[in-house]
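# Examining the three-dimensional arrangement
Chain by chain, the residues run as shown.
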Amino acid sequence: QAMDPLVFGLVGQAFGTVRRWLRQPERQPDADALAKFIARSVWFQIDGHARDRGIELDPNVDVAELFNLTEMFDALIEADGSAAEEREGRHETL
């Protein structure tokens, strides 16, 4: 669930890019180049979020295997939130 907003945003980004491209009188870049650009952009965001949490992903791993990491991401995000709450609680008692 913690990843839901990011996934929603990534899908929206891809849809928006393609819709904008389709409305152009001259479709540049070509479809293949656009698909590669979108895929790389999505990858950079996924990889960046993973690295921010200390997880190094292999871009050659099948996407289906990456989706199995969702539970791990959720646990890490929850742990980050719990640690932040604990720090804030300690700060309030000082």
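See the structure above.
Residues numbered from 1 in each chain as written. Predicted model: local features only at pLDDT ≥ 70, side-chain atom pairs only at ≥ 80, totals over all residues. Heavy atoms only, no water.

### Some remarks on the pattern of salt bridges
- Tallied over the full model, the rule gives three salt bridges.
- Among the ionic pairs, K36 bridges to D32, the shortest N-O distance being 3.3 Å. Placement of the pair is K36 and D32 together in helix α2 (residues 31-52), with a separation of four residues, close to one helical turn.
- Take K36: its relative accessible area is 52%, and that puts it in the exposed class.
- Between R51 and D47 there is a salt bridge whose closest N-O contact spans 2.8 Å. (Salt bridge = Lys/Arg side-chain N within 4 Å of Asp/Glu carboxyl O. Helix = DSSP H or I, 4+ residues; strand = E, 2+ residues; numbered from the N terminus. Buried < 20%, exposed > 50% of the residue type's maximum accessible area, 1.4 Å probe, protein only.)

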